[in-house]
Every structure is written in structure tokens, then in C-alpha cells.
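One-letter residues, chain by chain:
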Amino acid sequence: MTATERDTPQPSAERPDLDFGYATRTLRLRGVSGRIGVRLLTVSAMLVALALGLAVVSLTVGDYPLTIGQVLRVLGGGGESFHRIIALEWRLPIAVAAVAFGALLGIGGAIFQSLTRNPLGSPDVIGFDAGSYTAVVVTILVVGSGNYWSIASAAILGGLLTAAVVYVLAYRQGVQGFRLIIVGIGVSAMLGSVNAYLITRADIDDAMTVGFWGAGSLSRVTWISMLPSLLVGGVIVAAALALSPSLRRLESGDDSAITLGTRVGRDRLALLVVGVAISALVTAAAGPIGFIALVSPQLARRLTRSPGVSLLAAAGMGPHCWPARI
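Every chain is numbered independently, its residues counted from 1 as its sequence is written. Predicted model: local features are reported for residues with pLDDT of at least 70 only, side-chain atom pairs are reported and counted for 80 or more only, and whole-chain, interface and lining totals are derived from all residues. The side-chain values count all of the structure's non-hydrogen atoms but skip hydrogen atoms and water molecules.

A. View of the overall build of the protein. Strands here mean DSSP runs of E at least two residues long; helices mean DSSP runs of H or I at least four residues long; both are numbered from the N terminus. Scanning the protein for helices and strands turns up 13 helices and 3 strands. For the protein, with 326 residues in total, the buried portion stands at 44%. Across the protein, every contact between residues at least 6 apart in sequence was considered, and the portion connecting residues at least 24 apart equals 68%. Areas reported as accessible are Shrake-Rupley estimates using a 1.4 Å probe. Residue values count occlusion only from the protein chains shown. Total accessible area on the protein stands at roughly 16,500 Å², and carbon and sulfur atoms take up 65% of it. Here's how the labels work: a residue is buried when its accessible area is under 20% of the maximum for its type, exposed when over 50%, partly exposed in between, all with a 1.4 Å probe on protein chains only. Contact definition: two residues touch when any of their heavy atoms are within 4.5 Å.

B. The arrangement of the packing of helix 5 (residues 128–143) against helix 6 (residues 148–170) in detail. Relative to each other, helix 5 and helix 6 sit at 135°, their axes nearing to 7 Å. Judged on the interaxial angle alone, helix 6 and helix 5 are oblique. Between helix 5 and helix 6 the crossing geometry is right-handed. Contacts between helix 5 and helix 6 involve Phe 128, Gly 131, Ser 132, Ala 135, Val 136, Thr 139 and Ile 140 from the first element and Ser 150, Ile 151, Ala 154, Ala 155, Gly 158, Gly 159, Thr 162, Ala 163 and Val 166 from the second. Under the scheme applied here, ten amino acids are nonpolar (Ala, Val, Leu, Ile, Met, Phe, Trp, Tyr, Cys and Pro), four are charged (Asp, Glu, Lys and Arg), and all others, including Gly, are polar. When grouped by side-chain class, the residues that make up the contact of helix 5 with helix 6 number 9 nonpolar, 7 polar and no charged. For helices, the axis comes from a line fit to the C-alpha atoms of the stretch in contact; other axes are also lines fit to C-alpha atoms, and the angle between any two N-to-C directions lies between 0 and 180 degrees. Throughout, the term roughly parallel applies to angles under 35 degrees, roughly antiparallel to angles over 145, roughly perpendicular to angles from 65 to 115, and oblique to all others. In this scheme, a crossing is called left-handed if the near helix is turned counterclockwise away from the far one by less than a right angle; it is called right-handed if the turn is clockwise.

C. A look at helix 12 (residues 292–304). In this model helix 12 runs 18 Å from its N-terminal to its C-terminal C-alpha over 13 residues, within 8% of the 18 Å that 1.5 Å per residue would give. Every buried residue belonging to helix 12 is among Ile 292, Ala 293, Val 295, Ser 296, Pro 297, Gln 298, Ala 300 and Thr 304, and all of these are buried. Here the buried face of helix 12 lies against helix 1 (38–58), helix 3 (81–116), helix 4 (123–126) and helix 13 (311–317). One or two positions beyond helix 12, positive phi appears at Arg 305, with a value near 55°. Expected span of a helix, by definition, is 1.5 Å for each gap between consecutive residues, and there is one gap fewer than residues.

D. Focus on a nonpolar patch on the surface. Together, Val 57, Ile 68, Leu 72 and Leu 75 make up an exposed nonpolar region whose accessible area comes to about 320 Å². Looking at the nonpolar patch element by element, the count peaks at 3 residues for helix 2 (residues 68–75). On the secondary structure map, Val 57 appears in helix 1. Val 57 sits in the partly exposed class, given a relative accessible area of 39%. Candidates for patches are residues over 30% relative accessible area with no salt bridge; among them, like charges are joined within 9 Å and nonpolar side chains (Val, Leu, Ile, Met, Phe, Trp, Tyr) within 5 Å. Salt bridge, as used here, is a side-chain nitrogen of Lys or Arg placed within 4 Å of a carboxyl oxygen of Asp or Glu.

E. Main features of unusual backbone geometry. Of note in the backbone geometry, Arg 117 takes a positive phi value of approximately 55° without being a glycine. Along the chain, Arg 117 falls in the loop between helix 3 and helix 4.

F. View of the side chain of Thr 116. Note on placement: Thr 116 falls in helix 3. Classification of Thr 116 as buried rests on a relative accessible area of 7%. Leaving out residues up to four positions away in the same chain, Thr 116 has contacts with Gly 121, Gly 177, Leu 180 and Ile 181.

G. Focus on the environment of Phe 101. Here Phe 101 lies in helix 3. For Phe 101, a relative accessible area of 0% puts it in the buried group. Ignoring any residue separated from it by four or fewer positions in sequence, one finds Phe 101 in contact with Leu 218, Val 221, Met 226, Ser 229, Val 282, Ala 285, Ala 286 and Trp 322.

H. Region of interest: the packing of aromatic side chains. Each Phe, Tyr or Trp ring, with Trp reduced to its six-membered ring, pairs with another whose centre is within 6.5 Å; inter-plane angles below 30 degrees give stacked pairs, above 60 give edge-to-face pairs, and intermediate values give tilted ones. Applying the stated criterion to the full structure yields 4 aromatic pairs. When the centroid spacing of 5.1 Å and the interplanar angle of 80° are considered together, the rings of Tyr 64 and Phe 82 count as edge-to-face. Taken together, the residues span a long stretch of sequence, with Tyr 64 in the loop between helix 1 and helix 2 and Phe 82 in helix 3 at a distance of 18 residues. Of the residues examined, Tyr 64 reaches a relative accessible area of 39% and is grouped as partly exposed. According to the relative accessible area criterion, Phe 82 is partly exposed, its value standing at 39%. Consider the rings of Tyr 167 and Tyr 171, whose centres lie 5.9 Å apart with planes at 40°: the pair is tilted. Taking relative accessible area as the criterion, Tyr 167 reaches 18% and is therefore assigned buried. On the accessibility criterion, Tyr 171 (41% relative accessible area) is partly exposed.

I. Structural context of helix 2. Residues of helix 2 that are buried include every one of Gln 70, Val 71 and Val 74, and no others. Axial view of helix 2: buried residues confined to an arc of 100°, hence all on one face. Looking at the buried side of helix 2, the elements it contacts are helix 1 and helix 3. Directly after helix 2, the chain includes Gly 77, whose backbone phi takes a positive value near 100°. Note: the arc covers the axis-to-C-beta directions of the helix.

Here's what the structure looks like:
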């Protein structure tokens, strides 16, 4: 970082009580610059720190409780061997998954809500999670394959195919946010009917397997299944950050974005692919998880008081929004 400038709007001499905007900082790094609100940065940092602290505390909870001191010794490379097995092999993957997947879902929800300019623009509402679920149902009940990698591949492929169908059906000289949501809800309802039919016609054991996976849970997450998701997730997050300037411009409307030099069709499609990839990646690892992508961006927006949905704040809020059943 070569320079950091603080841009704090000053009150007018004639109206000393008049506030012209938010306190911001301009960050410059190797020829790339960006402006971020001080409150947004502070709240996001606090959310991330709180999520990491709660993740450490969660390592103490279970049928065999540990103390904070024992957990810290284990994380520092010491501690008893049995405590290391419990904390590092059994509980730490779930804690890491809760933070990482929550952040990913928050980013995915922020992308879709920004693109559609609608708080209902969430992958679980639009139907992409339903597409992943349908692909898994077909894989287990029709194909007869129930191993992890088959299910994960089916979930990712199903989410991407559903996104393509929704995009094509919603395209009318461009894609409007309201049309995307309405088409997505319709496609989700149809896929739900297909899932219900296949499950009611299936063997009871296979139906229970599908139902357990469809409930969504972090309890099945292990280091072997999570590490590939973390690596791919890092690439997806980097792509989302690279596209975030276009996302901000698209929030103001296509006409305004075009005047600012944004290639609307290309950038919107790229953002849709990134958002769908995030949803499909988490679904493949933990099952269809609703609610987080829907609520995280809006809660973060209210805490930061930002004019739009922020990827950074939504990522910080995501780990705090896991349903109790997970």
C-alpha cells in the first residue's frame, strides 16, 4: 500500500451542522485505488473478528467439553493427543466450514441482491439451490450413486444448469432483476415438484438419504471434503472482488453503468456465474443451505448504514447467520 488518504466531508461554513456524506478512506495499491467507508471497514473488521472468536469458542463445545486453555494449547501445537484429535480432526473442520461457507453465502447473496436490486434476490429464492438438490436426487435415486464426489459434482452441475435455464427464460433484450426473480421462483417450484415425485416413488432407505442431504448440515464436513471447496472458493472470491466495481455501477441502472464504461451484458453474466458458483460450491459440500444468503447482506447493510449492499460486510455477517439446526 503506497498511500492512504482520509476523505472526510467537512460541514459548510454557512451550515456547520450539515453533513455532506460518509467518512471514507481511499486505498491505493500498485496502481489500483478504491474508496471505502470508515464505518463499513470498521463494522466488517469487527464481524470477522467476532466470527473467528466464536469459531475458537465452538471448539470447546460437544459431548466431550474442552476448556479455552486446552483449545489454545492445541491450536498452538501442544496439548494432549486426545484433545488434538477432538479439536483439530473432529471440530475444527466444522468451525472453519461455518466461517468460510457463511462468508461465501453472504457474498453470493450480496451479488444477486445487487444485480436484481431486490432484497429477495437470493440463490435459494431464485431457485439455484433447488437445481442442485434436483441433480442430487436424480443421482441418488435414478443413477444409483451415493458417494461424496458424485453428489458434489451433481450439485455443482445442477446449480449451473438451473442458472442457465433461468437466465435464458428471463432474457428479453437483457435481464431485469424482477423478471429474474419471478422466473427463478417458477423454476424452483417446478423442480420442487420433480423432487417430491421422485422421493415418494423411491425406496425408503434412498429417500431417507436424500432427505438427510437435503436438510443441509455441516456435520458431514471433513478436511478431505472441505479443502477443495476452500481452494475453489478462494478463486471465486478473487473473481468477485475483481468484478465488484462493475457490480457497484450496475446497481445504479444499465444506462448509468454504460455511461461509466461498463459492458453491461458481459459483466452481468460474469457476476451471475460467480454467484451461482458460490451457491453450488457450498451446496456440494454441505447441502442446500437457505436463509444465510438471503439475510446476511441486509443485516450487514443496516449495521454499516451503507447506501448499497457490500460484499465485504455481507461476508463478515454470513458466519453469524447459521440456523440453529445446522
